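Each chain is listed here by its residues.
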Amino acid sequence: MNLTQNESLHPFNTFGLKQSAKLFGRFDDVDSLIGFIETDFLQDRSLLVLGGGSNILLTQDFDGVVLKNEITGIQVVKENVDHVWVSVGAGENWHQFVLYAIENGWAGVENLSLIPGTVGAAPMQNIGAYGVEIKEVFNSLEAVALKDGSRHMFTAHDCEFGYRESIFKTSAKGEYIITAVNFRLNKKPTFNTSYGAIADTLSEMGVEELSIKAVSDAVIKIRQSKLPDPMEIGNAGSFFKNPTIPKDQFGNLKTEFVDMPSYEVGEGNTKVLAGWLIEQCGWKGFREGDIGVHSKQALVLVNYGQGKGRDIYKLALAIQASVMQKFGISIVPEVNVV
Ligand code: EPU
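Residues numbered from 1 in each chain as written. Predicted model: local features only at pLDDT ≥ 70, side-chain atom pairs only at ≥ 80, totals over all residues. Heavy atoms only, no water.

Moving on, we get to the overall build of the chain. Helix and strand counts for the chain come out as nine helices and 20 strands. Relative to the globule expectation of 20 Å for 338 residues, the C-alpha radius of gyration of the chain, 20 Å, shows essentially globular dimensions. Over its C-alpha atoms, taken along the principal directions, the chain stretches across nearly 60 × 50 × 40 Å. For the chain, the residues scored as buried account for 49% of the 338 residues in total. The contacts of the chain with a sequence gap of at least 6 include a subset with a gap of at least 24, amounting to 61%. Each charge class in the chain was averaged separately, 30 positive and 40 negative side chains, and the resulting centres sit 4 Å apart. (Helix = DSSP H or I, 4+ residues; strand = E, 2+ residues; numbered from the N terminus. Rg over C-alpha atoms; globule rule 2.2 N^0.38 Å. Buried < 20%, exposed > 50% of the residue type's maximum accessible area, 1.4 Å probe, protein only. Contact = heavy atoms within 4.5 Å. Lys, Arg positive; Asp, Glu negative; His and termini not counted. Charge placed at Lys NZ, Arg CZ, Asp CG, Glu CD.)

In the structure shown here, the tally under the stated rule is 16 aromatic pairs. Taking the centre distance of 5.0 Å and the plane angle of 90 degrees together, the rings of Tyr130 and Tyr195 count as edge-to-face. Taken together, the residues Tyr130 in the loop between β8 (128-129) and β9 (132-133) and Tyr195 in the loop between β12 (176-186) and α5 (196-204) connect sequence positions 65 residues apart. Tyr195 sits in the partly exposed class, given a relative accessible area of 40%. Look at Phe239 and Phe240: their rings are 5.1 Å apart centre to centre, the planes differ by 70 degrees, and that puts the pair in the edge-to-face class. By way of ring pairs, the aromatic residues Phe15, Phe239 and Phe240 are connected into one cluster. Lying across the ring of Phe41, Arg45 places its NZ or CZ 3.9 Å from the centre. (Phe/Tyr/Trp six-rings, centres within 6.5 Å; stacked < 30°, edge-to-face > 60°. Lys NZ or Arg CZ within 6 Å of the ring centre and 35° of its normal.)

In space, the four strands of this open sheet follow the order β1-β2-β5-β3, with mixed pairing throughout. The strands lining the two open edges of the sheet, one partner per strand, are β1 (4-8) and β3 (47-50). Averaged over all pairs of adjacent strands, the angle between strand axes in this sheet comes to 45 degrees, irrespective of strand direction. (Pairing = 2+ DSSP bridges. Axes fitted to C-alpha atoms, helices over the stretch in contact; angles between N-to-C directions.)

Right, let's talk about the packing of α5 against helix α6 (residues 212-226) for a bit. At their nearest, the axes of α5 and α6 sit 9 Å apart, and the two run at 105 degrees to each other. Between α5 and α6, the interaxial angle falls into the category roughly perpendicular. Listed contacts from α6 to Ala197, Ile198, Thr201, Leu202 and Glu204 of α5 are Ala214, Val215, Ala218, Val219, Lys221 and Ile222. Of the residues assigned to the contact of α5 with α6, the class counts are eight nonpolar, one polar and two charged. (Parallel < 35°, antiparallel > 145°, perpendicular 65-115°, else oblique. Nonpolar A, V, L, I, M, F, W, Y, C, P; charged D, E, K, R; others polar.)

Turning to the site of the ligand, a few remarks are in order. Near the ligand, the surroundings consist of 23 residues, among which Tyr130, Tyr163, Tyr195, Glu279 and Gln297 are the closest. In the model, an oxygen atom of the ligand is placed 3.5 Å from a nitrogen or oxygen of the Arg223 side chain. Here an oxygen atom of the ligand and a side-chain polar atom of Lys284 are 3.2 Å apart. Computed on the free molecule, the ligand has an accessible area of 810 Å², of which 81% lies beneath the protein chains in the complex. Within the residue set of the shell around the ligand, elements represented by two or more residues are β8, α6, β13 (234-238) and α8 (274-280). Ranked by residue count, the leading element in the shell around the ligand is α8, at three residues. Looking at the shell around the ligand, its residues break down into ten nonpolar, six polar and seven charged. (Near = heavy atom within 4 Å. Polar contact = N/O pair within 3.5 Å; in protein donor to acceptor, adjacent residues only side chain to side chain. Areas by Shrake-Rupley, 256 points an atom, 1.4 Å probe, with all protein chains shown as cover.)

A word on a nonpolar patch on the surface. Together, Tyr313, Leu317 and Val337 make up a nonpolar patch on the protein surface, roughly 220 Å² of accessible area in all. Residue placement: Val337 occurs in strand β20 (residues 336-337). Exposure remark for Val337: the relative accessible area of 35% places this residue in the partly exposed category. (Patch = residues over 30% accessible without salt bridge, like charges linked within 9 Å, V, L, I, M, F, W, Y side chains within 5 Å. Salt bridge = Lys/Arg side-chain N within 4 Å of Asp/Glu carboxyl O.)

Turning to the domain arrangement of the chain, a few remarks are in order. Here the domain parsing of the chain yields domain 1 (3-69), domain 2 (74-186) and domain 3 (234-337). Here the C-alpha centre of domain 2 lies 21 Å away from the C-alpha centre of domain 1. Taken together, the contact pairs 15 residues of domain 1 with 15 residues of domain 2. For the pair domain 1 and domain 2, the summed buried area comes to about 1,100 Å², and 68% of that belongs to carbon and sulfur atoms. (Domains from an automatic or database assignment. Buried area = accessible area lost by both parts, 1.4 Å probe.)

Here Asn13 shows up in the loop between β1 and β2 (20-27). Asn13 gets classed as buried once you look at its relative accessible area, which sits at 5%. Not counting chain neighbours up to four residues away, the residues in contact with Asn13 comprise Gly53, Ile56 and Leu58.

In this section: the sheet that holds strand β15 (residues 262-266). Taken in spatial order, the three strands of this open sheet run β14-β16-β15, and their pairing is antiparallel. In this open sheet, the two edge strands, each paired with only one partner strand, are β14 (244-246) and β15. The sheet shows a mean angle of 40 degrees between the axes of neighbouring strands, taken without regard to direction. Pairing geometry for β14 and strand β16 (residues 269-272), over three bridges, is antiparallel. Paired with Pro246 across the two strands is Asn269, which belongs to β16. Running at roughly 90 degrees to β14, helix α7 (residues 247-256) makes contact with β14, β15 and β16 of the sheet.

Shown next as structure tokens:
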């Protein structure tokens, strides 16, 4: 693998931050990745693996090795009357894969249209949107261990998926590089349009007969109406996760904040919406220099061009503190802060 020095990471992170990597390389097949790991070059050097760079906040230059995963390819592994099993290279663009599935009539990922990032990054944080999470179509993934270059297979159970969580963000953090993801998609779609805005958008669009393409178009329309396009305004989607709080705490808050939106998540807990909490603290549309809070979705922090990652991080801390002060609720980042 060829490594270059002091490479700008500007094109490789959707926040559009101008940090650099001391050493930078790309790999597009598993064998060259394994060969590189076996040289022990990574021993005693810090490593950052980038997919689409859509869930990362770079607060400083990276004083180690940054590797960009460019493994591509989409293969049908097997199929029956109901399902198709597809193996997808981790470096494939997620949305391009969704479009490919739709073209082939494979259902299950249409609600996850237009999510920035790569296929390999998707299971790391169990991406989700509009009532669907990747774990519902996930079959297994292939990964290479950084300690010795050995190859591993992880089932859904092994991945320990949770809300925007997997083992790759917790106990196995930094131990593996995901090289391929295997999905089980449906040939006979069951549509998930229960998420309020989808049904409304489909009727606005005049859709009479549901199809996976129509659902995807509706999701794209909703996302484009409230989420900034990273090609125009730097961002990493939702910056914070929606927090879960005990039902009793929610009950007390609701007497003071009667409009507070929420949904039950079982086990005596209630999920509240971080976008609402942040908006109530007056941050929506906030701008200071080139950084700010998106004017249509308070959960999204933005870089208007020359913003610095460390200032976005400071803004995130200030937002966390004000939500804590007003509601007594701790909100935690979904984005990886490096
Ligand atoms: N809301 C506000 N003000 C805001 C934003 C949201 O009051 O500025 C409240 C409103 O009540 C709104 C509700 O929050 O109806 C839900 O907003 P939205 O549908 O935009 O969803 P979200 O909970 O803010 C989550 C995901 C998004 C995903 C959407 C749609 C997280 C952290 N974020 O956002 O995922 O697209 O649902 O399913 O769970 C991402 O992870 O990067 C991401 C964009």
